[in-house]
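Commentary on secondary and tertiary structure
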Amino acid sequence: VSQKFPKWAFLRDHSLYPRDLRKIDTTAVDIIPSILVKKSCIVVNMLHIKALIEKDRVFVFDTANPSAAAKLGVLMYDLESKLSSKDSVSTTALTQFYEHKAFESMLINVMSSLETELKQHINICGHILSELENEVNRERLRDLLIKSKNLSSFYQKSSLIRDVLDELLENDDDLAAMYLTVRKRADEDDFADLEMLLETYYTQCDEYVQQAESLIQDIKSTEEIVNIILDANRNSLMLLELKATIYTIGFTVATLIPAFYCMNLKNFI
């Protein structure tokens, strides 16, 4: 906890390039998620988690964001409970390797964070949409616009994580390199256990993406309905204005002749 490492020494010890470390730079905000598989380690960058996994160690990089720090605290607790087992690592398919345990803990933490955020969006946006069904309120429309932007950001974020997992599943070389404890070859060995692990969280992330997309479609449908209502009200106002103009013209024509005679003829009476 709270250790500092010289950058060049850290790169040299883990066979990394400066561009690899840039992916987990703590100064970057909302950078694209990535899972970089190297010869002796796995560099993970997903949401608030920026970590480096080896066959017997995990480096979790610190953050200056208070909310992210709280989530990292939960991750550290989970890592401690899963990785503190004193049992010797078995090479059988029934035992999960150290690096896979660490990676799964990070995936659990990421999916938990996505699920919590999605529930908040569903509750808030659902409440606003239900209110707009009864009455078109300007303040609620403004709130819906702000929340829809946050929802779109969540949708993009979860979609990128899903794409990263999908790309990892499609690449046999990366799957083989993710076995750090026992080396495997992409053209000979079987990665069913790792594929099952990744497929589980890919499906879970895809479900969040689908729910967010469905909520975005509901918001767009509500916006279209509101636009139709506003157009109808605008047409009613234009019709009222047109009627008022016609009545005004009729009254003007009706008073034109009497006004002409009264202004130009003498009244002998």
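Structure: see above.
A short tour of the structure in this document, coming up. (Residues numbered from 1 in each chain as written. Predicted model: local features only at pLDDT ≥ 70, side-chain atom pairs only at ≥ 80, totals over all residues. Heavy atoms only, no water.)

Here the focus is the pairing of strand β1 (residues 34-37). Here 4 bridges tie β1 to strand β2 (residues 42-46), and the two strands are oriented antiparallel to one another. The partner of Val-37 across the bridge, within β2, is Ile-42. If you look at the hairpin formed by β1 and β2, you'll find 4 residues sitting between the two strands. (Pairing = 2+ DSSP bridges. Helix = DSSP H or I, 4+ residues; strand = E, 2+ residues; numbered from the N terminus.)

Counting residues in each nonpolar core, the largest one holds 51 residues, and the members touching the most others are Ile-35, Phe-103, Leu-107, Met-111, Leu-114, Leu-165 and Leu-198. When contributions to this core are tallied by element, the ones reaching two or more residues are β1, β2, β3 (49-53), α3 (66-83), α4 (98-134), α5 (138-170), α6 (172-177) and α7 (192-264). For this core, the element with the highest residue contribution is α4, accounting for 13 residues. Not counting residues within four places of it along the chain, the set of residues in contact with Phe-103 comprises Ile-35, Val-44, Ile-53, Leu-168, Met-178, Leu-197 and Leu-198. One finds Leu-11, Leu-16, Leu-21 and Phe-59 within the second-largest nonpolar core, a separate group that totals 10 residues. (Core = buried A, V, L, I, M, F, W, Y, C linked by side-chain atoms within 4.5 Å. Buried < 20%, exposed > 50% of the residue type's maximum accessible area, 1.4 Å probe, protein only. Contact = heavy atoms within 4.5 Å.)

For the rest of this paragraph, the subject is the packing of α3 against α4. Viewed as axis vectors pointing N to C, α3 and α4 meet at an angle of 145°, and their least axial separation amounts to 10 Å. For the pair α3 and α4, the sense of crossing is right-handed. Taking contact as the criterion, the partners of Lys-71, Val-74, Leu-75, Asp-78, Leu-79, Lys-82 and Leu-83 in α3 are, on α4, Tyr-98, Lys-101, Ala-102, Glu-104, Ser-105, Met-106, Ile-108, Asn-109 and Ser-113. By residue class, the composition of the contact of α3 with α4 is 8 nonpolar, 3 polar and 5 charged. (Axes fitted to C-alpha atoms, helices over the stretch in contact; angles between N-to-C directions. Left-handed = near helix turned anticlockwise from the far one by under 90°. Nonpolar A, V, L, I, M, F, W, Y, C, P; charged D, E, K, R; others polar.)

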